[in-house]
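Remarks on the overall topology
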Amino acid sequence: MREMMYGDAIAAAIIEEMQRDESVIFYGQNMAMTDRDPMLKRFGRSRVRIAPISETAETGIAIGAALTGLRPIVELWMSEFMLVAFDQIINEAPRFRYMSGGRVKVPVVFKAGYGFAAGWAGQHSNCLYHSMMGVPGLKVVVPSTPADAKGLLAASIRDDNPVVYLHSYMLTLERGEVPDGEFLIPLGAADVKRTGNDVTIVAIGWMVKKALAAAEQLKEEGISAEVIDPRTLAPLDVNTIVSSVSKTGRLVLVDQAPRHSSAAAVIAAEVSEHGFEYLRAPVRMVTALDTPVPYSTPLENYVLPNEGKIVQAVRSILANQAVAA
Amino acid sequence: MAAKRRWEKDRLVWIYQQMVRIREFEEAVKRTFIEHPQVIRGHAHLGDGAEATIVGSLFTRKPSDMVMPSYRCHGYPIVLGTPLKQMMAEIYGRKDGLCRGFGGSMHLADPERHFPGTSGIIGQSIAHATGAAVSAQIKHTDQIVYCFFGDGASKQGAFYESLNMAAIWKLPIIYILENNQYQAYTHFSLEDANAMAGEPLSKKAAAFSMPGRTVDGTDPVAVAEAVGKAARRARAGKGPSLIESKFYRLSAHGNVITVPPLPTQFPEHEAIAVYGNRAEFEEWRAKDPIGQFRARLIEQGTMAEGDAESILQSARDEVAEAVRFALDSPLPAPEEALNYVYA
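These notes cover the structure that comes with them. Every value quoted in this text rests on a predicted model; they were computed, and no experiment measured them.

With respect to unusual backbone geometry
A:P235 follows A:A234 through a cis peptide bond whose omega is -5°. Residue B:P260 is joined to B:P261 through a cis peptide bond whose omega torsion reads 10°. Positionally, B:P261 belongs in the loop between β7 (241–246) and α9 (270–273). The backbone phi angle of B:Q38 is positive, close to 70°, even though this residue is not glycine. In this structure, B:Q38 sits in the loop between α1 (2–35) and α2 (51–58). For B:Q38, a relative accessible area of 37% gives the class partly exposed. Backbone geometry at B:K170 places phi at a positive 50°, although glycine is not the residue there. Within the secondary structure, B:K170 is located in the loop between α6 (157–168) and β3 (173–179).

Some points on the environment of A:P136
All names here are of chain A. One can find P136 in the loop between α7 (130–133) and β6 (139–141). We classify P136 as exposed; its relative accessible area is 62%. Distance from P136 to A234, taken between C-alpha atoms, is 8.7 Å for residues 98 residues apart in sequence. If sequence neighbours within four positions are ignored, P136 has contacts with P94 and R95.

As for empty space enclosed by the protein
Residue and element names in this part refer to chain B. Under the counting rule described, the total for this entry stands at five cavities of 30 Å³ or more. The volume enclosed by the largest cavity comes to roughly 190 Å³. As for the largest cavity, its lining consists of 19 residues, of which Y71, R72, G150, D151 and G152 are closest to the centre. With three residues, strand β2 (residues 145–150) is the single largest residue contributor to the lining of the largest cavity.

Thoughts on the nonpolar core
In terms of nonpolar packing, the biggest core is built from 119 residues, with A:F110, A:Y129, A:M132 and A:L166 touching the most fellow members. Broken down by element, the residue count for this core peaks at eight residues, all from helix α1 (residues 6–20) of chain A. Residue assignment places this core across two domains, with domain 1 (2–178) and domain 2 (191–318) of chain A each supplying three or more. Aside from chain neighbours lying at most four places away, what touches A:Y129 is A:Y114, A:V140, A:V142, A:L166, A:I204, A:L233, A:D255, A:Q256, A:A257 and A:A263. Listed in part, the 66 residues of the second largest apolar core include B:A52, B:V227, B:A231 and B:F266.

Topic: the sheet that holds β7(B)
All names here are of chain B. If you walk across this open sheet you meet the five strands as β1-β2-β3-β7-β6, and the pairing is parallel. Strands at the two margins of the open sheet, each flanked by one partner only, are β1 (66–68) and β6 (212–216). Across the sheet, the axes of successive neighbouring strands diverge by a mean angle of 20°, strand direction being ignored. Alignment of β3 against β7, held across six bridges, turns out to be parallel. Each bridged residue has a counterpart across the sheet, and for E178 the counterpart in β7 is S245. Where α2 meets the sheet, its contacts fall on β1, β2, β3 and β7, and the angle it forms with β2 comes to roughly 165°. In this fold helix α5 (residues 124–139) packs onto β1, β2 and β3, with an angle of close to 175° to the strand it touches most, β2.

About the criteria used
- Residues numbered from 1 in each chain as written.
- Chains lettered and ligands numbered in written order.
- Predicted model: local features only at pLDDT ≥ 70, side-chain atom pairs only at ≥ 80, totals over all residues.
- Heavy atoms only, no water.
- Helix = DSSP H or I, 4+ residues; strand = E, 2+ residues; numbered from the N terminus.
- Buried < 20%, exposed > 50% of the residue type's maximum accessible area, 1.4 Å probe, protein only.
- Contact = heavy atoms within 4.5 Å.
- 1 Å grid on protein atoms, 1.4 Å probe; cavity = no way out; pocket = protein on both sides within 12 Å on 5 of 7 lines; lining within 4 Å.
- Points joined across faces, edges and corners; volume = space filled by probe spheres on them.
- Core = buried A, V, L, I, M, F, W, Y, C linked by side-chain atoms within 4.5 Å.
- Domains from an automatic or database assignment.
- Pairing = 2+ DSSP bridges.
- Axes fitted to C-alpha atoms, helices over the stretch in contact; angles between N-to-C directions.

This is the structure:
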C-alpha cells in the first residue's frame, strides 16, 4: 500500500500493464513530446506515440490495431473530444465482435477525463457516460478513488472488449491508499463505500466524494446513510444496489450529468423493477439540472449537484415528501 | 495624391492601433490570473503574437463580412468594435458580460458585429464558418467569411471535409490557418506531415484544388495583401482560398489546467517549459509583430513616436477601464442558469 494521487494511480496502472504485456500501446495528443518523457524512455517511440488532433483516426486506428492483435490505450484527454469520433466509439468498436459472430475482438481502452466543473463552460464540463453505458458491447468505467482508478484501469486494459475509461478531472489530486503491484478490480462490481441503514445513496465518480461528505453531515443528524459506488456503469451491478435498498428502503441517486442523460435515471429504472417491494419512499435523483454547464461560478453551482443538495434530498426522502419534477 | 497618402497613413496607423489594443487586452487577461486569482475560471487562450495576422486579415474586411475564429477568440471582436468592457466582463463571468457570463473566454459571440460565435472543440468551427459562407451564398448578401483556426485544427476531419465542400460549392470564404507553431503543447513539426517533409502547411490547399499561400504572419501588410487577394477571389464568386499565416504564439497555450483552488496563472511558453528551448522563444520574441511594425512605421515617417506612445496609452486606459468595469459588474443570479437552453 502506498498513498497516491488519483492521477498518479492512473499512470501507475498504464506503466504496470505496459510492462506486463508488450501488446499494450499508448498514444494521444500532447504526450510523449520530448525524449525526456518518462513513458517514452521506458517503452520507446514504437509503443508510446504522439497523435495530432485527429480523434476519428486516433480511435479508429486503435480499433484496427486491436482487431489485429494489439491492446491500444488512447489518451483522449477530455471526454467531449470523443464526440468528434463517436461513430468509432459507439458504432464501430463495440460492433465488430458481434457482427463477426464472435470471431474477432476489440480490446481497446478509450481514456478521458470528464466533468471538469471549474469554469470550463458548455463544451468541456460534461458527463457523457449515459450515452455510452447503454451500448451493448461497450464497457464504461468511472472510478472515484485512487485505488479504484488503478485497479479498474488495469482490468480495463486486460479486458477483451472496448472500454471507455472516464476519470473525473475534479478528483485528479485526491489522495488515497493504493495497493502496490498487480491490483485488479473486476469490471461490474459495485463497492459499498460506507455502510448505513436508513438510506442508500448511489453516487458516480466525483459525486461519491460529495455523497460521503453528505453522509458524514447526516450522521450528525442521526441519519445513517449507505454510500454505493457502481464503479462501472456497464456492466452495472444492480444486485449490490438492490440488496442495499432491501435493507434501507430508500434510495437517493447522485449524478453530475443532467437528469435525463444521467446514469441515475437508468439505475432508478432498474431499482423500480427489481427493488420496488423494498422501497418505502419514492426514489430521489440529485443530478445536474437540464441545462448545458454555464461558465460563471453562481450559475455553475446552481446547475450542478453538491453536498447540500444531497443532504436535502435525504432529509426529504426520510420525511417522505413528494417533490415536483 | 496627397489625400491618398494621408488615407494610407491613417490606415496603417489604424492597423497599429488595433494590434496594440489586442495586445494590451491580452496582457490584462494574463495579469488577472495574478492580480485577481480565480476571477477567470476554466481555460483562457491568448492571441499575443497573432495581432498582425488578425488585424492584417480584418483590414481587408467589409463591414458586413463575417468573422469566425476558434476558441482563441479575444482579438477579433476587439477589431470589430465590440466594447472591451463587455468582453472582459464575460471573461470574468459577470452579469454584464458579452454573453451574460454563460460562455467565458472561449465562447465570445457578438452577432450584431457579424461574429456569430466560437467553438471550444478544435477544428469544428471550420465547418460552422463554411456554413456561414453557404448562408451568404444562398442569400446573395455579398458577404464573405473570414475563418481563422490554428495549425492543430488542420489535422481534424472537419478541416478536410469543410475545405472540400467549400471548393465544390465555390463558397465565399477565406481559410486563414494561423500557424503559431504549437498545437497546444506539441510543436507542429511533430504532428504535421507537410511540416515533417519541410513543406509549408498551405500545401494542403492543393488537395482541394484551391489557392494556397504562406505568408509572414508577423507583418500585417503582407497578411493584408495575401488575404486581400483571397477576399477578391471570394467576392468574385470564384471560391475559397487557404492562407497559412506563420507567426509565433508569445504566451503558453493557456493558463494552467488544475483543480481549484490551486493557482492557475499562465505557465512559461511550451518552447521553454516542455522543450527547454529558450533560444527559439527569444528569437521569435525579437520578431514581435507589434515592435516590428511600430519601428517600421516610425522609420518610414508614417507614425511619430509620440503618436505611438499615445496609442499605447489610450489602449492601456481603455483596457484598465474594461478591467474596472468587469470587476465592478455583479455575478449573474444563480437562477439565470435556466435561461437560454432553448430558443
